[in-house]
Amino acid sequence: MPQPVTAPQVRTETSHFGICVTDLAASLRFYCDGLGFEPFATYPIGTEYGKGLEVPGEIDLTAQFIRKEGMTIELLHYRSPAVDGRPSNRRNIVGLTHIAFVADDVTATVAHLVACGGRVLEHTRTIVDMPAGRNELVFLEDPDGVRVEIGNSHAE
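Please read these numbers as outputs of a predicted model, since none were measured by experiment.

Description of the overall build of the protein chain
The secondary structure content of the protein chain amounts to 3 helices and 8 strands. Shown N-terminal to C-terminal, the secondary structure of the protein chain runs as helices and strands in the order β-α-β-α-β-β-β-α-β-β-β. For the protein chain, the spread of C-alpha atoms along the three principal axes comes to 55 × 55 × 30 Å. Looking at the protein chain residue by residue over its 156 residues, the buried ones come to 37%. Counting only contacts in the protein chain whose residues sit at least 6 apart along the sequence, the fraction spanning at least 24 positions is 54%.

In structure tokens:
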């Protein structure tokens, strides 16, 4: 009879997640001025991290860490090689599809994020009345098109 396999001890806390950006200043405006994150560490990264980044050739990038209330995001700004591709534009594409935040006032938060460089996707605005209350959400694009959900549940 096979012996049971013991899972390794991995904490459930999240270290961080990374977002590749084309314009670091624009992304800092959206995430810091718009969502209230604070920059806390900046690292120049070179080819020594190439294997871990899975990027061939010479690498020149800035890793800018920002955080808020226990959430940490690493904004990866490549100078070389150039960035490539587009973020997921639907939630049924394999991989990370969006980042979601809770807002007390969805409308005011979305307006503020638009002023900080976001683009609201009005066709995603959804309000669902449920027995336990109302759910409201809408998606925006950050300056590079990464989907950001702003939502709230209102108990009735």
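Still more ground to cover, so stick around.
Section: the nonpolar core
Ranked by internal contacts, the top residues of the largest apolar core, which has 22 residues, are Ile19, Tyr31, Leu35, Leu75 and Ile150. Mapped onto this core, the elements with two or more residues apiece are β1 (17-21), α1 (24-34), β4 (71-80), β5 (99-102), α3 (106-115), β7 (133-141) and β8 (147-154). Considering each element in turn, this core owes the most residues, 4 residues, to α1. In terms of nonpolar packing, the next biggest core, distinct from the first, is built from 9 residues, Ala41, Phe65, Leu76 and Tyr78 among them.

Some thoughts on the pattern of salt bridges
Taken as a whole, this structure holds 6 salt bridges when the rule is applied. The salt bridge partner of Arg79 is Asp60, with a shortest N-O separation of 3.0 Å. Taken together, the positions of Arg79 in strand β4 and Asp60 in strand β3 (residues 60-68) put the pair 19 residues apart, joining distant regions of the chain. With relative accessibility at 43%, the residue Arg79 sits in the partly exposed group. Notably, a salt bridge pairs Glu141 with Arg119, separated by 3.1 Å at the nearest N-O pair. One end of the pair, Glu141, is in strand β7; the other, Arg119, is in strand β6 (residues 119-130), with 22 residues separating them in the sequence. Counted as one network, the salt bridges with shared partners bring together Arg86, Arg119, Glu141 and Arg147.

Digging into the sheet that holds β1
The 4 strands lie next to each other as β1-β4-β3-β2, forming an open sheet whose pairing is mixed. What marks the edges here is a single partner per strand, and that holds for β1 and β2 (38-46). For this sheet the average axis-to-axis angle between neighbouring strands, irrespective of direction, equals 25°.

With respect to the packing of α1 against α3
Taken N-terminus to C-terminus, the directions of α1 and α3 make an angle of 150°; their axes are 9 Å apart at the nearest point. Compared by their axis directions, α1 and α3 come out roughly antiparallel. Considering only the axes of α1 and α3, their crossing is right-handed. Touching Arg29, Phe30, Asp33 and Gly34 of α1 are His112, Leu113 and Ala115, all from α3.

Digging into the packing of aromatic side chains
Here the structure, examined in full by the defined rule, presents 4 aromatic pairs. Pairing Phe40 with Phe65 gives two aromatic rings, centres 6.0 Å apart and planes at 55°, and the pair type is tilted. With a gap of 25 residues between them, Phe40 in strand β2 and Phe65 in strand β3 connect regions that are remote in the sequence. Look at Phe40 and you get partly exposed, because its relative accessible area is 36%. With 5.8 Å between their ring centres and 80° between their planes, Tyr43 and Phe65 make a pair best called edge-to-face. Within this pair, whereas Tyr43 is found in strand β2, its partner Phe65 is found in strand β3, the two being separated by 22 residues in sequence. Take Tyr43: its relative accessible area is 44%, and that puts it in the partly exposed class. A residue is classified by how much of its surface remains accessible, and Phe65, at 14% relative accessible area, is buried.

Analysis parameters
Residues numbered from 1 in each chain as written. Predicted model: local features only at pLDDT ≥ 70, side-chain atom pairs only at ≥ 80, totals over all residues. Heavy atoms only, no water. Helix = DSSP H or I, 4+ residues; strand = E, 2+ residues; numbered from the N terminus. Buried < 20%, exposed > 50% of the residue type's maximum accessible area, 1.4 Å probe, protein only. Contact = heavy atoms within 4.5 Å. Core = buried A, V, L, I, M, F, W, Y, C linked by side-chain atoms within 4.5 Å. Salt bridge = Lys/Arg side-chain N within 4 Å of Asp/Glu carboxyl O. Pairing = 2+ DSSP bridges. Axes fitted to C-alpha atoms, helices over the stretch in contact; angles between N-to-C directions. Parallel < 35°, antiparallel > 145°, perpendicular 65-115°, else oblique. Left-handed = near helix turned anticlockwise from the far one by under 90°. Phe/Tyr/Trp six-rings, centres within 6.5 Å; stacked < 30°, edge-to-face > 60°.

Geometric values such as these leave the question of function open.
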